[in-house]
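Chain by chain, the residues run as shown.
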Amino acid sequence: MQTAVHRIEVRPHPGMADPRGAAALREAQSLGLKRPPRSVESASIYLIEGPLSDRQIAQLAEELLTDPITEQATIGASRPKADSMIEVHPLPGVMDPDSEAVQSAVKAMLGVEVAVRTGRRFDLHGADSKTARQIAQRALANTVIHAIHDQPYHPAQFPHGLPYELRVISVPLLEMSDAQLVKLSREAHLFLSLEEMKAIQNHYHTLGRNPREIELETIAQTWSEHCVHKTMKATIRYREHIIDRKRPGIAMPGRPGHDVNPDGSVTIHNLLKSTIAAATHELIADGIDWCLSVFVDNAGVIAFDDRNAVCFKVETHNHPSAIEPYGGAATGIGGCIRDIIGTGLAAKPIAATDVFCVAHPDFKDVPEGCLPPRRILTQVVAGVRDYGNRMGIPTLNGAVWFDNDYVGNPLVFCGCIGVMPRDKIKGHPRKGDRMIAVGGRTGRDGIHGATFSSAELTDSHADEFSHAVQIGNAITEKTMLDAILFARDHPFSGGGCLFNAITDCGAGGFSSAVGEMGKDLGAQVHLDRAPLKYAGLSPTEIWISEAQERMILAVPPQNVKALLDIGREHDVEMSDLGQFGTSNGELVLLYQDVEVGRLSMDFLHDGLPETVREATWTPPHSPKTAKSKQPRAQPSISDALLSLLAHPNVASKRWIIQQYDHEVQGGTVIKPQVGSHGQGPSDAAVITPVAGSNRGLAIANGLATGLRDDPYLMALAAIDECVRNLVCVGADPRKIAILDNFCWPSCDDPQQLGALVRAAEACYDGAKAYRTPFISGKDSLNNQFTTEDGRTIRIPPTLLISGMGIVEDVRRCVTMDAKAAGNLLMIVGATDDRMGGSHYALFGAEAGDLPHVDLKSGPRVAAAVAQLITGNLVRSAHDCSEGGLLVAAAEMAFAGVLGLRLDLSRMPIQTNIELAARCFSETPSRYLIEVDPKNISEVEGVLKTVPHSVIGEFNRSSRLTNANGEFDVPIERLRAAWMKTLDW
Amino acid sequence: MPRALIITTAGINCDRELGRAFELAGAHPEFVHLNRLMAQPRLIDQFDLIGLPGGFSYGDAIAAGRIAAQLMRRTLYASFVRAIERGVPIIAPCNGFQMAVQLGLLPGPELGQPWPAEPPRPSAALAQNASGRFIDRWCAIEFPANTRCIWTQSVQLEPSTALLPIAHGEGRFVPESDDLVLRLAENGQIAVRFSESDNPNGSAANIAGICDASGLVLGLMPHPERYTSWNQHPFWTRLSPAEMSDEPPGLRMFRNAVAYVSEKRQPLHAARKK
C-alpha cells in the first residue's frame, strides 16, 4: 500500500435525472454558439492522495461518495463516450471547500490522513472538442482559478509546498532616486505615490537603516486607499465652474471644515469628517440619542431596544469580482459578515444585502480581459447564494443596476446586519492579552488584495493578480461564528465574554488586524505559529496573506484554555500568535524567534503624508439625454409602460431572490417578494432581530445612478429613495440610520474628485434634512478599466445608500400589494416634469433637467406617510421610483391581482405637465398609498398641507385603465412583461 | 417541561428557529454539538424530543447531509433507534431530512417489523432539485388524511394557510422503487405532499415529507419551524383576522409532538418499567 492519487468518478445512474448536466447545457446554449451540444452529462471527480488500499477506496466510493439510489461510481476514469469531454479542476492552491470536508470525513471513517481535490467532468454530445473548450472557458470554468482538461485528469501526485528557509530581506530604499522609488512601488505592487514613498524613505533615514521587506509591505497595506481612505480624508481644494445661472452651485460658507478662499475655491479639510461624519455629529448634538458607535468600529451601531443594539456594514468587492465573480462575491459577503462578527465584542449576523451594478446581459461589445456580463451576474449571484445560504444569514434586500459602463468593472456591494447586547458594543485589547488567531489557515491566496483593490483594472490584471482572487469556505466561517458567539456568552464565567477585543482579518490580513488592534499597545507576533495551508510561506506572505475566514481575538491569559476548549468542540482551529503590548508600543514581528520586522505604530498609523488634492466641477453642458437631435417617435403610454416594466432595472428579480434563503433564522416578516403569489417587489424587508419581540428592523437601499450627471442631485435622490423604501413598510422615519458606499472612477482626475465632493456635500445636506445619521461607510475610488488598446471605460459615479429603520411593532407593517377592490389609490407628494436621467428618457425624448429633492418637503412627506401607516390608515404603500408613478401603480395592482382605474388629471403637480410626465416622471419624495374609502377624511386630515390626491380606484376588472381612455392594458400582460426579462 | 434535543454541527444553521418552535410549543430546547454527542451517545437517552435541524452540515460536501449521516451511522444509529422505541418524536426538516434518510431512520422498517441492528442501506434519496437550483419560496402543501405522522395529526388547513416554506437545493425525493411510494402511501407514511400544481423540486408523487411506521419520526423538506407566528406567513398582510384566529400550522405541528410526549408517553414509559 503506497501513497498514490486515486481517482473516483461519481455520476447519475443511467435513466436518472442529471440536473447539473442540464444546467451546463442551459449555460452552453445561452452562449449563442453555432453548434451547441445536444446534451451534457455531468460527473463529480474525487482525487484522493493517501495510503489507501483498494478495499478502502471501494469503501469510500460506495459509502461516502455515492448515493446508492441515484448514483454510480467508477474507480479511475470512465472511457469518454460522448463526442467530447472536459474536466474542470481548481488550480493548485485554490481553495476547494468540499475537499476539506471530504478529508475530515475520510479521517473519521478510516482514520487515515489524505489529501483530496475535487473536480467536475462534463461529457458533451453533439459538440466537438473545440466547442467544448469554448464552452468550458466561457460558461463552466474560469481559468484564473480552474484548469480545464479535455481528457480525464489523473495526476501521479499532488503538488506539495517546499519547506521555507528563513531569509530576512532588506530593501535598499535609502539610496533610491525618485524614479527608482516609483518603480519599486509599481513593481512590488505597493501602489504608493512618490510622496508616500519619500515619507517612508525619510522615516528610515531617521532610523539610519533600510526597511526590511515585511516592514515595507506592512506600510503599503496600512496606507492603501482600501484601508485608510486617504482620498476621502485628504485636504481638497474644490472649484465650481457654474455656467447655468438656473443651477447655482452649492452654498459652501458655514459648512464645517470648509474654508472659502478669496479666489472662490473652497478648501475642505478631510472630506469625510467635514461632510458625512459632520452630519452625524451635528444630529447627535441635536438630540439623536440612539447612535451608539459611529465610524470607529467595523460597523456602525445603533440602539435597537433597551437591551440590544443592531449594527450594519456594507462593503464592496469589485475588482476581485471582475476577475472571478463567484469567488469575488462570496468572499465579499464573507468579509462583510466578519466585519459584523468583529464589531464590539462580536455581533450575531442576522441579515445580508447585496447590490450589483453590471453591464446589460446582452451587451455585445465586451473588451478583451472582461468576462461576459451575463456570466458575471449569474456568478456573483451564485457566490452570494452559496456563501450567505451556508452561513444561515437571510439575504433579503438588494438591487441590480444595469449600465454598460460597468462592463470592465462591475460593482458588488455586500451588506450585513448584526444584533448584539448593548453591553457588548465596545472591545479594547489590554496589555498582556494573548493574540489568538481563529478560523481558517493561512495560504498564499489573496496576497496584495488591499493594494489590488486600490488600483485600476487593466486587461492584464486577470493574469497579474490572480493570486489576489479567492474562493471562500463558508463552513469555516460558520463554525468560527458559532465558537465566537459561544465564547462571547460564555456560560461558565457567568455569561461573561472570554475575550477583550476581536477584529477580522480582511484586507491586509494579519498585518492590518494586528496593526489596528495593537495601535495603542504595540504587539509581538510569532509568525511561524500561524497554521498554514501548505509549507513554504515566507513570514511576509504569512503576515499579509488575505486568506479568508480568519479573525484575531485579544484574550486574557487566564481565559485561553476555556477558549481553546470551545474551539475543539466546534472544530475551529485556534492558535496563539503572540501578545498585545510591547514595552515601547512597537510592532515586533518574529519568525522562529528571529526578528524579521520592527515598526513604530505611530509612524504606521500617523506617518501617511497629508496631501492636498485638486477637485473641480463643471456641470455637463446640457442634460445627457438631450443629445439626440431628432427625438424619436414616442411610444404610446401602454407600450412605454410595458417596456419600462421589462427594463432590467425595474423587472422582477425573482430569479435572484429565490436562490437566496431569505427566511433562515425565521425572523423575516416582510419578505423581498410580497402579494398573494409572491409577485410584488417589496420596497424593503423587515426582520425581528430579537426572537419573541414584535419590534422590527426594516432594511432598504437607495441608488439613483440615472442622475449621474450631477452627483449632488444623485446623492440626495438616493437618500430620499432609501427613506421612502423604509417608510413604505412601516419604519419610523425618526429612527433611520444610513450608510454610504461610494464607487467612483479614478479620483486622480480632478473632475471625478469634484463629482465626489458634490456627492459628499449632498450626503451632509440630505442626512441633516432627513435626520438620518450616517453610521458607517466605505469607498472604492478606482473603478475603471483600461482596454488593450488604451481606452478607459469609467464606471458611472455610483453612490449606494443603505438604510435600516426601527419598526415599533411589526404587526403594523404594510406591503405594496393592493389589497381590495373598492379601495382608493392616493399619491402623496408633488410631481414635476424634470425627467432627465429617468428611465422614460431612454426612449430618446427631450427629458429636461434632472429632478431635485426638496429638502424641506421631502422629510415632511415621509413623516406624513409614516403617521398614516402607524395609524392603520394605509392598506398598501409603494414608493415611486424607477419608471415613475405608472410603473409603481401597475406593480401594486398585479401584486394584488386587482384591476385599477386611474384618473391622472387629478394628481398634484407643480406646473401643467403632459400625461407622459405624469406617468413616468421620476420626481423624488412621492408615495402611492391604498386607502379604504371610509378612512379618506381621516387620511386627508393627517396630510393637510402635504400635496396629495386620490388618483384611482382598485377594481376587479383585471385591467389598468385611465379615466380619459389614454391607456387600457390587461394586468396580466403587465405582470408577464415584468416577470420575463430576468427569468433565467 | 419536556426536553428537546437540538443537534448542531458544522454548517447547521436552522437550530435556533427549531429550538424556538419547540419552546413556543412548551418544550425546553437544549443545543448539543454532534461532536459531544458522538463522544457520549447516551446523552440522547435524557431527552423527550429530538430535532435534526436544517442547514448545510459540513457544507453539504459530496451531497447534502452525506458526511453528517456517515458520522452518525457509525456512532449514533443505535441511540436514535432506542429513542424511537421509547416513544421520542423526532423532527428532521430540510438538511435534517437529508441526514435522516441517509442515516437509515427514514422511511424505517415496514409496519410491524423491528428496527435492524445495523443502519440499513438507504431506500430513498433527496437528490438535486430538478431545476438544478437552490430555491426559497412558500409552497402549497397538504397533509394526507391517512397519515400516521403524530406531528401533522388534525392540523386543519385553509387554502390561504396551507403553505410551508422551502429553502433547499437538494430536495427531490427519489424512491428506490415505485413500490416504495405505494407502500408509504398505503401505510400512511407520506406525511406531507406538495400540491399537484406546486411541486418545486420534482419529487416523486409530490412527496414533501415522510414518517416512519410508528409516525414518530418526521422528515420533510419544508420548514414548519419557520411558520410558528402569523407574520412569517408570506402574505399575512392580506389575511383576515378570522384566517389568523387559530395558531399557524407550523406551530400546531410542534404542539402535537409536545402533547404526545406529555400525554401518551407517560403510560408507554410506565409500561416499560414493569
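What counts and what doesn't
What you see as residue numbers is a count from 1 along each chain, following the sequence as written. Labels follow written order: the first chain is A, the first ligand is 1, and so on. pLDDT decides what is reported in this predicted model: residues at 70 or higher carry local features, side-chain atom pairs at 80 or more are listed and counted, and totals for whole chains, interfaces and linings draw on all residues regardless. In computing side-chain values, all of the structure's heavy atoms are included and hydrogens and water are not. Every helix listed is a DSSP run of H or I at least four residues long, and every strand listed is a run of E at least two residues long, numbered separately from the N terminus. Radius of gyration here is computed from C-alpha atoms only, and the compact-globule reference equals 2.2 Å multiplied by the residue count raised to the power 0.38. The buried label applies to any residue whose accessible area, calculated with a 1.4 Å probe on protein chains only, is under 20% of its type's maximum; exposed applies above 50%, and partly exposed to all values in between. Axis lines are fitted to C-alpha atoms, over the contacting stretch for helices. Their N-to-C directions set the angle, which ranges from 0 to 180 degrees. Angle categories are assigned with fixed cut-offs, so that under 35 degrees is roughly parallel, over 145 is roughly antiparallel, 65 to 115 is roughly perpendicular, and the rest are oblique. The contact criterion used throughout is that any non-hydrogen atoms of two residues lie within 4.5 Å. Polarity classes work like this: nonpolar for Ala, Val, Leu, Ile, Met, Phe, Trp, Tyr, Cys and Pro, charged for Asp, Glu, Lys and Arg, and polar for all others, with Gly in that last group. Simply put, the buried area is the total loss of 1.4 Å probe accessible area from both parts when two parts are fitted together. Here, a salt bridge means any Lys or Arg side-chain nitrogen found within 4 Å of an Asp or Glu carboxyl oxygen. Each helix crossing is assigned a hand: it is left-handed if the near helix lies turned anticlockwise from the far helix by less than a right angle, otherwise right-handed if that turn is clockwise. Only strands that DSSP links by at least two bridges are regarded as paired with each other. Take the buried Ala, Val, Leu, Ile, Met, Phe, Trp, Tyr and Cys residues and link them wherever side-chain atoms come within 4.5 Å; each set so joined is a nonpolar core.

**Student:** Help me understand the overall build of chain B in this model?
**Tutor:** Along its length, chain B carries eight helices and eleven strands. Relative to a compact globule of 274 residues, whose C-alpha radius of gyration would be 19 Å, chain B shows 17 Å and is just as compact. C-alpha atoms of chain B, sized along the principal axes, occupy 50 × 40 × 35 Å. In chain B, which comprises 274 residues, the proportion classed as buried is 67%.

**Student:** Would you take a moment to explain the packing of helix α22 (residues 637–646) of chain A against helix α27 (residues 884–895) of chain A for this structure?
**Tutor:** Two packed helices can be described by the angle between their axes and the distance between those axes. Residue and element names in this part refer to chain A. Where α22 contacts α27, the two axes come as close as 10 Å, and the packing angle between them is 75°. As far as their axial angle goes, α27 and α22 are roughly perpendicular. Counted together, I637, L641, L644 and L645 of α22 and L886, V887, A890, E891 and F894 of α27 form the full contact between these two elements. Of the residues contributing to the contact of α22 with α27, the split by class is eight nonpolar, no polar and one charged.

**Student:** Would you take a moment to explain the interface of chain B and chain A for this structure?
**Tutor:** It is common to report an interface's size as the accessible area lost on association of the parts. Taken together, the contact between chain B and chain A spans 54 residues of the former and 65 residues of the latter. Surface buried jointly by chain B and chain A totals about 4700 Å² across both partners, of which 51% is contributed by carbon and sulfur atoms. Among the residues chain B hides against chain A, the three largest losses belong to I62, R133 and R238 of chain B. Together they make up 14% of the total. Linking chain B with chain A are five salt bridges. For R74 of chain B, the salt bridge goes to E63 of chain A, with nearest N and O atoms at 2.9 Å.

**Student:** I tried to follow the packing of helix α1 (residues 15–24) of chain B against helix α7 (residues 249–263) of chain B on my own but got confused; where do I start?
**Tutor:** All names here are of chain B. In the contact formed by α1 and α7, the axes pass within 8 Å of each other and the chain directions differ by 65°. Comparing the axis directions of α1 and α7 gives the class roughly perpendicular. Remark: the crossing between α1 and α7 carries right-handed chirality. Two secondary-structure elements touch here, α1 through L18, A21, F22 and L24 and α7 through L251, F254 and R255. Here the residues of the contact of α1 with α7 are counted per class, giving six nonpolar, no polar and one charged.

**Student:** It is not clear to me how the sheet that holds strand β24 (residues 612–617) of chain A should be interpreted in this structure. Could you clarify?
**Tutor:** Each strand in a sheet pairs with another by means of backbone hydrogen bonds, the pair being arranged parallel or else antiparallel. Residues and elements named next belong to chain A. An order of β8-β9-β7-β24 is seen for the four strands of this open sheet, with the pairing classed as mixed. For this open sheet the edge positions go to β8 (258–260) and β24, each flanked by a neighbour on one side alone. Here the strands of the sheet are splayed against their neighbours by 20° on average, with no regard to which way each runs. Where β8 lies against strand β9 (residues 266–269), three bridges are found, and the strand directions are antiparallel. What sits directly across from V260, in β9, is V266. The sheet contacts of helix α25 (residues 750–770) involve β7 (235–240), β8, β9 and β24, and relative to β24 the element is tilted by about 80°.

**Student:** Help me out: how do you make sense of the nonpolar core in this one?
**Tutor:** Soluble globular proteins: nonpolar side chains tend toward being buried together. Residues and elements named next belong to chain A. In this structure, F742, W744, F920, L928, I929, L960 and L974 are the most contacted members of the largest nonpolar core, which totals 135 residues. Here the element with the most residues in this core is helix α24 (residues 711–729); it accounts for 14 residues. Setting aside chain neighbours within four positions, we find I929 in contact with L824, L825, M826, V828, V865, L868, V874, S876, A877 and V939.

**Student:** I'm lost on the environment of A863 of chain A in this one. Help?
**Tutor:** Among the secondary structure elements, A863 of chain A is positioned in helix α26 (residues 857–870). C-alpha separation for the pair A863 of chain A and D732 of chain A, spaced 131 residues apart in sequence, amounts to 8.2 Å.

**Student:** Teacher, can you tell me more about the environment of I67 of chain B here?
**Tutor:** Relative to the helices and strands, I67 of chain B is located in helix α3 (residues 66–75). Residue classification places I67 of chain B among the buried positions, given a relative accessible area of 3%. Along the primary structure I67 of chain B and Q102 of chain B are separated by 35 residues, whereas in three dimensions their C-alpha atoms are 9.6 Å apart. Ignoring anything within four residues of it in the chain, the contact list for I67 of chain B reads L64, A101, V102 and A105 of chain A together with Y58, A61 and I62 of chain B.

**Student:** Mind showing me how you'd approach the pairing of strand β36 (residues 876–879) of chain A here?
**Tutor:** Remember that side chains alternate between the two faces of the sheet whenever the strand is regular. All names here are of chain A. Across the two faces of β36 the burial is the same, with S876 and H878 and A877 and D879 all buried. Inspection of the sheet shows β36 paired to strand β38 (residues 927–931) by four bridges, in the antiparallel sense. Considered in β38, the bridge of A877 is made with I929.

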